[in-house]
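So you can see what is in the structure, the chains are spelled out below.
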Amino acid sequence: MRPIFIRKHTAALATATVLNATLLAAFDAGAACVVPPFSTPVEAQLQYLPQCQHDPVYLAQIGRLLNAQKRYGEALDHLERALMFDSESADIQLDYALALAGEGDWLSAVALLDTLLAQTALPASIRLAVQQAKDRGTMPSTPPALTASTLRFSAQLRAGTDNNLLGSPRLDQLTISLPNEVLALPLDGTMQPRAGAYHRTDARVEWGFGKTAHGVWELSANMSQRRSPDVPEADSHQDDFSLEYAPHSQPDHPLAPYVFLTRSTFNAVRGTQFTQWGIGGGVQTPIGECSLRWGGEWQDRSIVSNPLLSGLYAGTSVSWRCNKHWQWAFKVGKDRPLNPERPGGLQHIASLRGLFLKGNWLWDNEFSHTHDSTGYSPLLDYDAARSTNRFSTRLEYHIPIGAHWLAALGVEWSRQDSNLALFQVQNWGTYASLRWVW
(Lines give C-alpha, C1' and ligand atoms only; values in the text may rest on other atoms or scores of the structure.)
Protein backbone atom coordinates (compact mmCIF):
# COMPACT_ATOMS: atom_id res chain seq x y z
CA MET A 1 0.00 0.00 0.00
CA ARG A 2 1.30 3.45 -0.91
CA PRO A 3 2.17 5.74 2.01
CA ILE A 4 -0.70 8.24 1.93
CA PHE A 5 1.24 11.09 3.45
CA ILE A 6 3.63 11.30 0.51
CA ARG A 7 0.91 11.96 -2.05
CA LYS A 8 -1.30 14.17 0.10
CA HIS A 9 1.38 16.28 1.72
CA THR A 10 4.10 16.74 -0.87
CA ALA A 11 5.50 19.79 0.91
CA ALA A 12 6.57 17.55 3.82
CA LEU A 13 8.27 15.06 1.51
CA ALA A 14 11.85 15.70 2.59
CA THR A 15 11.24 15.26 6.33
CA ALA A 16 8.99 12.23 5.91
CA THR A 17 11.30 10.40 3.52
CA VAL A 18 14.37 10.88 5.73
CA LEU A 19 12.50 9.33 8.66
CA ASN A 20 11.31 6.44 6.53
CA ALA A 21 14.78 5.86 5.13
CA THR A 22 16.13 5.55 8.66
CA LEU A 23 13.48 3.03 9.60
CA LEU A 24 13.89 0.99 6.43
CA ALA A 25 17.63 0.94 6.77
CA ALA A 26 17.26 -0.63 10.20
CA PHE A 27 15.64 -3.65 8.58
CA ASP A 28 18.04 -3.91 5.65
CA ALA A 29 19.32 -7.47 5.52
CA GLY A 30 22.35 -6.41 3.55
CA ALA A 31 21.62 -8.61 0.54
CA ALA A 32 23.76 -7.84 -2.50
CA CYS A 33 22.00 -6.02 -5.31
CA VAL A 34 23.18 -5.92 -8.91
CA VAL A 35 21.15 -3.38 -10.85
CA PRO A 36 20.32 -4.83 -14.29
CA PRO A 37 20.89 -2.74 -17.44
CA PHE A 38 18.19 -0.20 -18.24
CA SER A 39 17.45 -1.99 -21.51
CA THR A 40 16.38 -5.12 -19.65
CA PRO A 41 12.58 -5.67 -19.98
CA VAL A 42 10.74 -4.41 -16.91
CA GLU A 43 9.20 -7.80 -16.11
CA ALA A 44 12.67 -9.32 -16.01
CA GLN A 45 13.95 -6.46 -13.84
CA LEU A 46 11.17 -7.03 -11.31
CA GLN A 47 12.69 -10.42 -10.54
CA TYR A 48 15.54 -8.56 -8.81
CA LEU A 49 13.14 -6.87 -6.38
CA PRO A 50 13.77 -9.15 -3.33
CA GLN A 51 17.49 -8.31 -3.20
CA CYS A 52 17.22 -4.77 -4.55
CA GLN A 53 14.19 -3.43 -2.66
CA HIS A 54 16.43 -1.05 -0.68
CA ASP A 55 18.45 0.25 -3.65
CA PRO A 56 17.18 3.69 -4.81
CA VAL A 57 18.93 3.39 -8.19
CA TYR A 58 17.14 0.12 -8.93
CA LEU A 59 13.78 1.35 -7.62
CA ALA A 60 14.02 4.58 -9.63
CA GLN A 61 14.89 2.63 -12.76
CA ILE A 62 11.84 0.38 -12.32
CA GLY A 63 9.65 3.42 -11.75
CA ARG A 64 10.90 5.14 -14.89
CA LEU A 65 10.31 2.02 -17.02
CA LEU A 66 6.79 1.64 -15.63
CA ASN A 67 6.11 5.31 -16.36
CA ALA A 68 7.16 4.72 -19.96
CA GLN A 69 4.55 1.95 -20.16
CA LYS A 70 1.93 4.23 -18.54
CA ARG A 71 1.66 1.89 -15.56
CA TYR A 72 1.65 4.91 -13.27
CA GLY A 73 0.07 3.26 -10.23
CA GLU A 74 2.80 0.60 -10.13
CA ALA A 75 5.49 3.21 -10.79
CA LEU A 76 4.37 5.23 -7.76
CA ASP A 77 4.96 2.26 -5.45
CA HIS A 78 8.61 1.94 -6.49
CA LEU A 79 9.35 5.66 -6.82
CA GLU A 80 7.94 6.42 -3.38
CA ARG A 81 10.21 3.76 -1.93
CA ALA A 82 13.18 5.15 -3.89
CA LEU A 83 12.52 8.58 -2.38
CA MET A 84 12.55 7.06 1.09
CA PHE A 85 16.19 6.14 0.52
CA ASP A 86 17.20 9.15 -1.58
CA SER A 87 14.89 12.08 -0.91
CA GLU A 88 17.27 14.62 -2.51
CA SER A 89 17.38 13.09 -6.00
CA ALA A 90 15.85 15.53 -8.47
CA ASP A 91 15.66 12.79 -11.11
CA ILE A 92 13.55 10.56 -8.86
CA GLN A 93 11.33 13.46 -7.81
CA LEU A 94 10.73 14.32 -11.46
CA ASP A 95 9.76 10.73 -12.31
CA TYR A 96 7.55 10.67 -9.22
CA ALA A 97 5.77 13.86 -10.32
CA LEU A 98 5.15 12.35 -13.76
CA ALA A 99 3.65 9.25 -12.16
CA LEU A 100 1.42 11.41 -9.95
CA ALA A 101 0.19 13.29 -13.01
CA GLY A 102 -0.43 10.04 -14.86
CA GLU A 103 -2.56 8.77 -11.96
CA GLY A 104 -4.56 11.98 -11.93
CA ASP A 105 -3.13 13.54 -8.73
CA TRP A 106 -2.32 16.72 -10.65
CA LEU A 107 -2.26 19.06 -7.66
CA SER A 108 0.50 17.09 -5.93
CA ALA A 109 2.37 16.73 -9.24
CA VAL A 110 2.39 20.48 -9.90
CA ALA A 111 3.34 21.27 -6.29
CA LEU A 112 6.32 18.89 -6.52
CA LEU A 113 7.45 20.32 -9.86
CA ASP A 114 7.25 23.86 -8.43
CA THR A 115 9.33 22.72 -5.45
CA LEU A 116 11.98 21.38 -7.81
CA LEU A 117 12.06 24.60 -9.85
CA ALA A 118 12.55 26.61 -6.66
CA GLN A 119 15.85 24.81 -5.93
CA THR A 120 18.66 27.20 -6.86
CA ALA A 121 21.19 24.36 -7.08
CA LEU A 122 19.13 22.35 -9.54
CA PRO A 123 21.28 21.39 -12.58
CA ALA A 124 20.31 23.18 -15.78
CA SER A 125 19.50 19.95 -17.60
CA ILE A 126 17.15 18.82 -14.82
CA ARG A 127 15.58 22.29 -14.60
CA LEU A 128 14.81 22.19 -18.33
CA ALA A 129 13.27 18.70 -18.03
CA VAL A 130 11.16 19.79 -15.04
CA GLN A 131 9.89 22.90 -16.82
CA GLN A 132 9.05 20.89 -19.93
CA ALA A 133 7.23 18.32 -17.81
CA LYS A 134 5.20 21.06 -16.17
CA ASP A 135 4.39 22.72 -19.52
CA ARG A 136 3.13 19.51 -21.10
CA GLY A 137 1.86 17.78 -18.01
CA THR A 138 -1.61 17.51 -16.53
CA MET A 139 -2.47 20.91 -15.12
CA PRO A 140 -4.93 21.78 -12.34
CA SER A 141 -7.66 22.76 -14.79
CA THR A 142 -7.97 19.17 -15.99
CA PRO A 143 -10.24 16.99 -13.87
CA PRO A 144 -8.30 13.84 -12.96
CA ALA A 145 -9.74 10.48 -13.91
CA LEU A 146 -11.41 8.54 -11.13
CA THR A 147 -10.25 5.06 -10.24
CA ALA A 148 -11.99 2.33 -8.27
CA SER A 149 -12.74 3.27 -4.64
CA THR A 150 -11.73 6.90 -5.24
CA LEU A 151 -13.71 9.48 -3.27
CA ARG A 152 -12.89 13.10 -4.05
CA PHE A 153 -14.31 16.36 -2.69
CA SER A 154 -13.88 19.86 -4.04
CA ALA A 155 -15.23 23.30 -3.27
CA GLN A 156 -14.86 26.63 -5.03
CA LEU A 157 -15.58 30.25 -4.20
CA ARG A 158 -15.81 32.65 -7.11
CA ALA A 159 -16.32 36.41 -7.07
CA GLY A 160 -16.74 38.58 -10.14
CA THR A 161 -18.63 41.19 -12.09
CA ASP A 162 -21.05 40.85 -15.01
CA ASN A 163 -22.47 43.59 -17.23
CA ASN A 164 -25.74 41.67 -17.77
CA LEU A 165 -26.60 39.56 -14.74
CA LEU A 166 -30.15 38.87 -15.89
CA GLY A 167 -29.27 38.02 -19.50
CA SER A 168 -31.54 40.76 -20.84
CA PRO A 169 -31.63 41.92 -24.48
CA ARG A 170 -30.16 45.37 -25.08
CA LEU A 171 -33.42 46.98 -26.22
CA ASP A 172 -35.18 50.21 -25.28
CA GLN A 173 -38.18 49.36 -27.45
CA LEU A 174 -39.82 46.29 -28.96
CA THR A 175 -41.18 46.29 -32.52
CA ILE A 176 -44.58 44.61 -32.86
CA SER A 177 -45.79 43.53 -36.30
CA LEU A 178 -49.53 43.82 -36.89
CA PRO A 179 -51.40 42.96 -40.12
CA ASN A 180 -51.65 46.58 -41.23
CA GLU A 181 -48.97 48.39 -39.25
CA VAL A 182 -45.79 48.12 -37.18
CA LEU A 183 -45.69 49.45 -33.63
CA ALA A 184 -42.64 50.35 -31.56
CA LEU A 185 -43.43 49.83 -27.89
CA PRO A 186 -41.06 51.36 -25.29
CA LEU A 187 -39.70 48.91 -22.73
CA ASP A 188 -39.49 49.54 -19.02
CA GLY A 189 -36.02 50.37 -17.71
CA THR A 190 -36.05 47.28 -15.47
CA MET A 191 -35.83 45.14 -18.62
CA GLN A 192 -32.50 46.67 -19.63
CA PRO A 193 -29.21 44.84 -18.91
CA ARG A 194 -28.15 45.34 -15.29
CA ALA A 195 -24.50 45.17 -14.27
CA GLY A 196 -23.18 44.27 -10.85
CA ALA A 197 -21.02 42.08 -8.67
CA TYR A 198 -21.80 38.49 -7.75
CA HIS A 199 -20.32 35.58 -5.84
CA ARG A 200 -20.77 31.89 -6.54
CA THR A 201 -20.09 28.86 -4.39
CA ASP A 202 -19.72 25.31 -5.69
CA ALA A 203 -19.44 22.01 -3.83
CA ARG A 204 -18.72 18.74 -5.62
CA VAL A 205 -18.27 15.10 -4.67
CA GLU A 206 -17.02 12.36 -7.01
CA TRP A 207 -16.82 8.62 -6.44
CA GLY A 208 -15.24 5.92 -8.58
CA PHE A 209 -16.52 2.39 -7.95
CA GLY A 210 -17.34 -0.95 -9.58
CA LYS A 211 -14.06 -1.29 -11.47
CA THR A 212 -14.04 -3.83 -14.30
CA ALA A 213 -11.31 -5.00 -16.66
CA HIS A 214 -12.25 -2.30 -19.15
CA GLY A 215 -13.49 0.67 -17.12
CA VAL A 216 -14.91 2.12 -13.93
CA TRP A 217 -18.23 3.60 -12.80
CA GLU A 218 -18.11 7.30 -11.92
CA LEU A 219 -20.70 9.04 -9.76
CA SER A 220 -20.65 12.81 -9.29
CA ALA A 221 -22.88 15.44 -7.69
CA ASN A 222 -22.45 19.21 -7.80
CA MET A 223 -24.29 22.03 -6.07
CA SER A 224 -23.89 25.64 -7.22
CA GLN A 225 -25.35 28.83 -5.80
CA ARG A 226 -25.01 32.36 -7.19
CA ARG A 227 -25.80 35.52 -5.25
CA SER A 228 -25.64 39.17 -6.32
CA PRO A 229 -25.93 41.97 -3.76
CA ASP A 230 -26.44 44.46 -6.61
CA VAL A 231 -29.15 42.55 -8.51
CA PRO A 232 -30.89 40.11 -6.13
CA GLU A 233 -33.24 39.03 -8.94
CA ALA A 234 -30.23 37.30 -10.54
CA ASP A 235 -29.78 34.90 -7.62
CA SER A 236 -30.03 31.24 -8.59
CA HIS A 237 -29.33 27.67 -7.48
CA GLN A 238 -28.35 24.67 -9.60
CA ASP A 239 -27.83 20.96 -8.83
CA ASP A 240 -26.18 18.47 -11.19
CA PHE A 241 -25.93 14.68 -10.90
CA SER A 242 -24.30 12.17 -13.23
CA LEU A 243 -23.56 8.45 -13.32
CA GLU A 244 -21.24 7.16 -16.06
CA TYR A 245 -19.45 4.00 -16.99
CA ALA A 246 -16.12 5.31 -18.32
CA PRO A 247 -13.93 2.88 -20.28
CA HIS A 248 -10.14 2.82 -20.16
CA SER A 249 -8.31 3.72 -23.38
CA GLN A 250 -6.63 0.42 -24.21
CA PRO A 251 -5.02 -0.38 -27.60
CA ASP A 252 -6.07 -4.02 -27.28
CA HIS A 253 -9.73 -2.97 -26.88
CA PRO A 254 -10.27 -0.49 -29.75
CA LEU A 255 -14.03 -0.16 -29.20
CA ALA A 256 -15.12 0.20 -25.58
CA PRO A 257 -18.72 1.10 -24.66
CA TYR A 258 -19.70 3.99 -22.39
CA VAL A 259 -23.09 4.88 -20.91
CA PHE A 260 -24.30 7.74 -18.72
CA LEU A 261 -27.29 9.12 -16.84
CA THR A 262 -27.63 12.79 -15.86
CA ARG A 263 -30.04 15.03 -13.98
CA SER A 264 -29.92 18.83 -13.60
CA THR A 265 -32.20 21.32 -11.86
CA PHE A 266 -32.10 25.11 -12.01
CA ASN A 267 -34.08 27.55 -9.90
CA ALA A 268 -33.89 31.32 -10.20
CA VAL A 269 -35.32 33.95 -7.87
CA ARG A 270 -37.14 35.48 -10.86
CA GLY A 271 -39.21 32.31 -11.10
CA THR A 272 -37.49 30.25 -13.81
CA GLN A 273 -37.48 26.54 -12.89
CA PHE A 274 -35.86 23.96 -15.13
CA THR A 275 -35.34 20.20 -14.75
CA GLN A 276 -33.50 17.99 -17.23
CA TRP A 277 -33.01 14.23 -17.32
CA GLY A 278 -30.54 12.73 -19.78
CA ILE A 279 -29.37 9.30 -20.85
CA GLY A 280 -26.87 8.32 -23.49
CA GLY A 281 -24.12 6.03 -24.61
CA GLY A 282 -21.77 5.05 -27.38
CA VAL A 283 -18.27 3.76 -27.97
CA GLN A 284 -14.79 5.08 -27.26
CA THR A 285 -11.62 4.21 -29.15
CA PRO A 286 -7.97 5.18 -28.55
CA ILE A 287 -6.05 6.93 -31.34
CA GLY A 288 -2.43 7.28 -30.27
CA GLU A 289 -2.38 9.53 -27.21
CA CYS A 290 -5.95 10.62 -27.92
CA SER A 291 -9.39 9.12 -27.43
CA LEU A 292 -12.42 9.44 -29.71
CA ARG A 293 -16.02 9.07 -28.60
CA TRP A 294 -19.22 8.97 -30.62
CA GLY A 295 -22.72 8.09 -29.54
CA GLY A 296 -26.26 9.25 -28.88
CA GLU A 297 -28.06 11.25 -26.19
CA TRP A 298 -31.71 11.70 -25.14
CA GLN A 299 -33.02 14.38 -22.78
CA ASP A 300 -36.30 15.27 -21.13
CA ARG A 301 -36.22 19.07 -20.84
CA SER A 302 -38.94 20.22 -18.48
CA ILE A 303 -39.53 23.96 -17.99
CA VAL A 304 -41.43 23.73 -14.71
CA SER A 305 -42.17 27.46 -14.61
CA ASN A 306 -43.57 27.42 -18.19
CA PRO A 307 -44.53 23.87 -19.32
CA LEU A 308 -45.46 25.13 -22.78
CA LEU A 309 -41.72 25.43 -23.58
CA SER A 310 -40.80 21.88 -22.49
CA GLY A 311 -39.46 19.37 -24.99
CA LEU A 312 -37.72 16.06 -25.70
CA TYR A 313 -34.22 16.19 -27.21
CA ALA A 314 -32.51 13.47 -29.25
CA GLY A 315 -29.13 13.84 -30.89
CA THR A 316 -25.69 12.50 -31.65
CA SER A 317 -22.28 13.64 -30.44
CA VAL A 318 -18.61 13.22 -31.30
CA SER A 319 -15.77 14.21 -28.97
CA TRP A 320 -12.01 14.03 -29.33
CA ARG A 321 -9.60 14.45 -26.43
CA CYS A 322 -5.81 14.49 -26.57
CA ASN A 323 -3.33 14.32 -23.68
CA LYS A 324 -5.68 16.41 -21.52
CA HIS A 325 -4.29 19.44 -23.37
CA TRP A 326 -7.21 19.98 -25.69
CA GLN A 327 -10.56 18.51 -26.55
CA TRP A 328 -13.34 19.03 -29.06
CA ALA A 329 -17.00 18.12 -28.80
CA PHE A 330 -19.62 18.38 -31.55
CA LYS A 331 -23.33 17.79 -31.01
CA VAL A 332 -26.32 17.90 -33.33
CA GLY A 333 -29.93 17.06 -32.58
CA LYS A 334 -33.58 18.06 -32.42
CA ASP A 335 -35.77 19.28 -29.57
CA ARG A 336 -39.36 18.16 -30.10
CA PRO A 337 -42.07 20.09 -28.25
CA LEU A 338 -44.29 18.25 -25.78
CA ASN A 339 -47.05 20.73 -26.56
CA PRO A 340 -47.75 21.33 -30.29
CA GLU A 341 -48.54 24.96 -29.43
CA ARG A 342 -44.97 25.68 -28.33
CA PRO A 343 -43.60 28.84 -30.05
CA GLY A 344 -41.22 27.82 -32.84
CA GLY A 345 -42.25 24.15 -32.82
CA LEU A 346 -39.48 21.64 -33.53
CA GLN A 347 -36.05 23.11 -32.85
CA HIS A 348 -32.83 22.11 -34.66
CA ILE A 349 -29.70 22.42 -32.51
CA ALA A 350 -25.97 22.15 -33.27
CA SER A 351 -22.97 23.05 -31.10
CA LEU A 352 -19.19 22.90 -31.18
CA ARG A 353 -16.95 23.29 -28.13
CA GLY A 354 -13.15 23.50 -27.91
CA LEU A 355 -11.10 23.42 -24.69
CA PHE A 356 -7.37 24.20 -24.75
CA LEU A 357 -4.73 23.91 -22.01
CA LYS A 358 -1.26 25.40 -22.18
CA GLY A 359 0.84 25.71 -19.06
CA ASN A 360 -1.29 27.57 -16.52
CA TRP A 361 -3.70 28.87 -19.17
CA LEU A 362 -7.17 27.54 -19.97
CA TRP A 363 -9.15 28.71 -23.01
CA ASP A 364 -12.74 27.53 -23.37
CA ASN A 365 -14.82 28.32 -26.50
CA GLU A 366 -18.29 27.27 -27.58
CA PHE A 367 -20.48 28.02 -30.60
CA SER A 368 -24.10 26.93 -30.95
CA HIS A 369 -26.81 27.38 -33.57
CA THR A 370 -30.54 26.87 -33.15
CA HIS A 371 -33.32 27.20 -35.69
CA ASP A 372 -37.05 26.83 -35.20
CA SER A 373 -39.14 24.97 -37.75
CA THR A 374 -42.18 27.28 -37.47
CA GLY A 375 -42.81 30.92 -36.70
CA TYR A 376 -42.17 32.03 -33.16
CA SER A 377 -44.95 34.62 -32.86
CA PRO A 378 -47.20 36.56 -35.28
CA LEU A 379 -46.24 39.70 -33.34
CA LEU A 380 -42.51 39.32 -34.01
CA ASP A 381 -41.38 40.02 -37.58
CA TYR A 382 -44.63 38.64 -39.03
CA ASP A 383 -44.26 35.19 -37.50
CA ALA A 384 -40.68 34.61 -38.70
CA ALA A 385 -38.95 31.38 -37.65
CA ARG A 386 -36.43 32.20 -34.94
CA SER A 387 -32.75 31.54 -35.66
CA THR A 388 -29.96 32.20 -33.13
CA ASN A 389 -26.17 31.94 -33.11
CA ARG A 390 -24.36 32.05 -29.78
CA PHE A 391 -20.61 32.30 -29.17
CA SER A 392 -18.94 32.29 -25.76
CA THR A 393 -15.29 32.35 -24.74
CA ARG A 394 -13.49 32.18 -21.41
CA LEU A 395 -9.80 32.71 -20.68
CA GLU A 396 -8.48 31.64 -17.28
CA TYR A 397 -5.05 31.76 -15.62
CA HIS A 398 -4.32 29.27 -12.84
CA ILE A 399 -2.12 29.83 -9.81
CA PRO A 400 -1.41 26.59 -7.86
CA ILE A 401 -1.18 27.12 -4.10
CA GLY A 402 0.22 24.07 -2.34
CA ALA A 403 -1.04 20.58 -3.02
CA HIS A 404 -4.78 21.13 -2.63
CA TRP A 405 -5.47 24.77 -3.45
CA LEU A 406 -5.80 26.50 -6.80
CA ALA A 407 -6.44 30.19 -7.44
CA ALA A 408 -7.61 31.50 -10.80
CA LEU A 409 -8.20 34.79 -12.59
CA GLY A 410 -10.50 34.89 -15.59
CA VAL A 411 -12.40 36.90 -18.14
CA GLU A 412 -15.46 35.71 -20.07
CA TRP A 413 -17.56 37.05 -22.93
CA SER A 414 -20.61 35.80 -24.79
CA ARG A 415 -22.87 37.06 -27.55
CA GLN A 416 -26.10 35.75 -28.97
CA ASP A 417 -27.31 37.04 -32.33
CA SER A 418 -30.81 36.41 -33.70
CA ASN A 419 -33.06 37.48 -36.51
CA LEU A 420 -35.52 38.43 -33.75
CA ALA A 421 -34.19 41.37 -31.73
CA LEU A 422 -35.80 40.07 -28.55
CA PHE A 423 -33.24 37.24 -28.46
CA GLN A 424 -30.09 39.31 -29.01
CA VAL A 425 -28.02 39.16 -25.81
CA GLN A 426 -24.45 40.05 -24.84
CA ASN A 427 -22.48 39.47 -21.62
CA TRP A 428 -18.96 40.03 -20.41
CA GLY A 429 -17.28 39.96 -17.02
CA THR A 430 -14.19 39.22 -14.94
CA TYR A 431 -13.73 37.01 -11.91
CA ALA A 432 -11.34 35.52 -9.38
CA SER A 433 -11.76 32.11 -7.77
CA LEU A 434 -10.24 29.84 -5.15
CA ARG A 435 -10.67 26.06 -5.40
CA TRP A 436 -9.96 23.40 -2.79
CA VAL A 437 -9.65 19.71 -3.77
CA TRP A 438 -9.18 16.75 -1.45
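Structure: above.
Residues numbered from 1 in each chain as written. Predicted model: local features only at pLDDT ≥ 70, side-chain atom pairs only at ≥ 80, totals over all residues. Heavy atoms only, no water.

Student: What is the right way to look at the state of the cysteines in this model?
Tutor: Note on terminology: a disulfide is the covalent bond linking the sulfur atoms of two cysteines. A full pass over the atoms with the stated rule returns 2 disulfides. One disulfide in the model links C33 with C52; its S-S distance is 2.0 Å. Across the S-S bond linking C33 and C52, the dihedral sits near 105°, which makes this disulfide right-handed. Residue C33 is located in the loop between helix 2 (13-26) and helix 3 (42-45), and its partner C52 is located in helix 4 (residues 49-52); the two are separated by 19 residues in the primary sequence. (Disulfide = S-S within 2.5 Å. Helix = DSSP H or I, 4+ residues; strand = E, 2+ residues; numbered from the N terminus.)

Student: What should I look at first to understand the side chain of T370 in this one?
Tutor: If you trace the backbone, T370 turns up in strand 13 (residues 361-375). For T370, the side chain forms a polar contact with the side chain of T388, separated by 2.3 Å. Those residues within four positions of T370 in sequence are excluded, and the remaining contacts are Q347, H348, I349, R386, S387 and T388. (Polar contact = N/O pair within 3.5 Å; in protein donor to acceptor, adjacent residues only side chain to side chain. Contact = heavy atoms within 4.5 Å.)

Student: Help me understand the packing of helix 6 (residues 72-85) against helix 7 (residues 90-103), please; the structure alone is not making it clear to me.
Tutor: Angle between the axes and distance between the axes are the two parameters that describe a pair of packed helices. Axis separation between helix 6 and helix 7 bottoms out at 9 Å; the angle between their running directions is 150°. When the interaxial angle is binned, helix 6 and helix 7 end up roughly antiparallel. The chirality of how helix 6 crosses helix 7 is left-handed. Residue-level inspection shows Y72, G73, A75, L76, L79, E80, A82 and L83 of helix 6 in contact with helix 7, the latter providing I92, Q93, D95, Y96, L98, A99, L100, G102 and E103. Grouping the amino acids of the contact of helix 6 with helix 7 by side-chain chemistry returns 11 nonpolar, 3 polar and 3 charged. (Axes fitted to C-alpha atoms, helices over the stretch in contact; angles between N-to-C directions. Parallel < 35°, antiparallel > 145°, perpendicular 65-115°, else oblique. Left-handed = near helix turned anticlockwise from the far one by under 90°. Nonpolar A, V, L, I, M, F, W, Y, C, P; charged D, E, K, R; others polar.)

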